[in-house]
Amino acid sequence: MNQFKINKRVFKYFILSVSFFTFFSCSTDNNQTVTNLNQLVIQDDFNVNGALDSAMWNYDIGNGPGNDGWGNQELQYYTDRPENISIEDGMMKITAIQESFEGSGYTSSRITTKGKFEQKYGRFEARIKLPWGQGMWPAFWMLGSNIDEVSWPNCGEIDIMENRGSEPTLISSALHGPGYSGGNPIFKSYNLEDSRFDNEFHIFGIEWGPDYINFYVDDVLYNQITPNDVPGIWVFDQPFYIIINLAVGGNFGGPPNTDTVFPQTMLVDYVRIYQ
């Protein structure tokens, strides 16, 4: 993405934020903060076939620290096998497979930048084509880098994009923190008109500053959350790290059913971070 395109997009965001505030803002103010973040800090365009760049990414392995489906009743076992995660054809592929593996009925992958790349504020975006089907739960999200010291939800969680595979036109974003976590996050959905998220790539992103987080799909600013919108402490003033995963089942969308087709693949064209 060149600088001209970035600036053009920012201009579009400004027009959208002024002209269509009624539709996109969850704030009671008459203004939205729109940032101008075009200095590229780090990127992964997934152009080299094979394994992920170990300087940027970690693999989370297993079914959670307590063997409880990562606290969400997820059904998959995450692996670093090429069957579940690889770079091919200029993109990262995370594939959910129905198979018996390490006591689980499904496998998939989950990657993070924890301890390798963490940033406070900026623009975080990824271009992704989603899988489809009941029980699929793809996500692009972030956790506070102090999670090992203060635990979740005190560390904060920013869900840039989540999708129930049974709802291919709908994605959602959310914030979790102390007093607004689990089933009670600050949450908003975005419905795609005249298309589906599993039919083509879309850019999911946030622009995050000291007192706001703006949520985008492509060129649409559809949500802004500020400290005034949360019923607890605002904990989004520290570095966060990135997570990308494809879960199977879980309490967000429920388990697969007999109509769910496997394998299902989440395609990620790039991840880019600006400041």
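Throughout, a residue's number is its position along its own chain's written sequence, starting from 1. Residues qualify for local features only when their pLDDT is at least 70, as the model is predicted, and side-chain atom pairs are given and counted only at 80 or more; totals for whole chains, interfaces and linings, by contrast, use all residues. Each side-chain value is derived from all of the structure's non-hydrogen atoms; neither hydrogens nor water enter the calculation.

Caption draft 1: Geometry of the overall build of the chain. Numbering of helices and strands starts at the N terminus; helices are DSSP runs of H or I of at least 4 residues and strands are runs of E of at least 2. Summing up its helical and strand segments, the chain has four helices and 17 strands in all. Contacts: residue pairs with any heavy atoms within 4.5 Å of one another. Restricting the contact set of the chain to residue pairs at least 6 apart, pairs at least 24 apart contribute 71%. A total of about 11900 Å² of accessible surface is found on the chain, and carbon and sulfur atoms cover 48% of it. Throughout, the Shrake-Rupley method with a 1.4 Å probe supplies accessible areas, and for residues the shown protein chains are the sole cover considered.

Caption draft 2: Spatial organisation of the pattern of salt bridges. Here a salt bridge means any side-chain nitrogen of Lys or Arg lying within 4 Å of a carboxyl oxygen belonging to Asp or Glu. With the rule as written, the count across this model stands at eleven salt bridges. Residue K93 is joined to E88 by a salt bridge in which the shortest nitrogen-to-oxygen separation is 3.7 Å. For K93, a relative accessible area of 18% gives the class buried. Judged by relative accessible area, E88 falls into the partly exposed class, the value being 36%. Between E207 and R123 there is a salt bridge, and its shortest N-O distance comes to 3.1 Å. A simple rule labels every residue: compare its accessible area, found with a 1.4 Å probe on the protein chains alone, to the largest value its type can have, and call it buried under 20%, exposed over 50%, or partly exposed in between.

Caption draft 3: Examining the confidence of the model for the chain more closely. Note on scores: pLDDT gives the predictor's confidence for each residue, bounded by 0 and 100. For the chain, per-residue confidence averages 90 on the pLDDT scale, and residues scoring 70 or more make up 87% of the total. Below a pLDDT of 50 lies the segment residues 1-30, which in the model reaches 60 contacts outside its immediate sequence neighbourhood of four places, other chains included.

Caption draft 4: A look at the side chain of E125. Here E125 is to be found in strand β8 (residues 122-129). For E125, a relative accessible area of 0% gives the class buried. A polar side-chain atom of E125 sits 2.7 Å from a polar atom in the side chain of R123. Polar contact criterion, stated in full: a pair of N or O atoms within 3.5 Å, where within protein one must be able to donate a hydrogen and the other to accept it, and residues adjacent in sequence count only if both atoms are side-chain atoms.

Caption draft 5: Structural detail: the environment of V48. When you line up the elements, V48 lands in the loop between β1 (40-44) and β2 (58-59). Accessibility expressed as a relative area gives 62% for V48, which makes it exposed. When the C-alpha atoms of V48 and M92 are compared, they prove to be 9.7 Å apart, with 44 residues separating the residues in sequence.

Caption draft 6: Just the packing of aromatic side chains, in detail. Two rings belonging to Phe, Tyr or Trp (six-membered ring only in the last case) form a pair when the distance between their centres is within 6.5 Å. Interplanar angles under 30 degrees mark stacking, angles over 60 mark edge-to-face geometry, and anything in between is tilted. Enumeration over the complete set of coordinates arrives at twelve aromatic pairs. Taking the centre distance of 5.3 Å and the plane angle of 35° together, the rings of Y106 and F262 count as tilted. Linking Y106 in strand β6 (residues 104-108) with F262 in the loop between β16 (240-248) and β17 (264-274), this pair joins segments that are 156 residues apart in sequence. Like F262, Y106 is buried. Taken together, the ring pairs connect Y121, F124, W208, W234, F236 and F240 into an aromatic cluster. Positioned over the ring face of F101 is R81, at 4.5 Å from the centre of the ring. Only Lys NZ and Arg CZ are tested; either one counts as a charge over a ring when it is within 6 Å of the ring centre and within 35 degrees of the ring normal.

Caption draft 7: Molecular detail of the sheet that holds strand β9 (residues 136-144). Paired strands are those between which DSSP finds at least two bridges. An order of β2-β7-β16-β9-β10-β11-β12 is seen for the seven strands of this open sheet, with the pairing classed as antiparallel. Pairing within the sheet leaves two strands with one partner each, and these edge strands are β2 and β12 (186-191). Two elements, β9 and β16, share nine bridges in a ladder whose sense is antiparallel. Paired with L143 across the strands is Y241, a residue of β16.

Caption draft 8: Representation of the pairing of β9 in the model. The element β9 is largely enclosed, with a buried count of nine among its nine residues. Alternating positions in β9 separate into two faces, M136, P138, F140, M142 and G144 on one and W137, A139, W141 and L143 on the other, with burial throughout.

Caption draft 9: Region of the structure containing the nonpolar core. Definition used in this section: a nonpolar core is a set of buried Ala, Val, Leu, Ile, Met, Phe, Trp, Tyr and Cys residues joined via side-chain atoms within 4.5 Å. In terms of nonpolar packing, the biggest core is built from 52 residues, with I158, F236, I242 and I244 touching the most fellow members. When residues in this core are grouped by element, the largest group, five residues, is from β16. In terms of nonpolar packing, the next biggest core, distinct from the first, is built from seven residues, A139, L143, C155 and I243 among them.

Caption draft 10: Main features of the environment of R196. Checked against the element boundaries, R196 lands in the loop between β12 and β13 (202-209). On the accessibility criterion, R196 (28% relative accessible area) is partly exposed. Here the alpha-carbon distance between R196 and P168, two residues 28 residues apart in the chain, equals 5.4 Å. Sequence-distant contacts of R196, defined by excluding residues within four places in its chain, comprise W132, P168, T169 and H202. In this structure the side chain of R196 is engaged in a polar contact, spanning 2.9 Å, whose partner is the side chain of D198.

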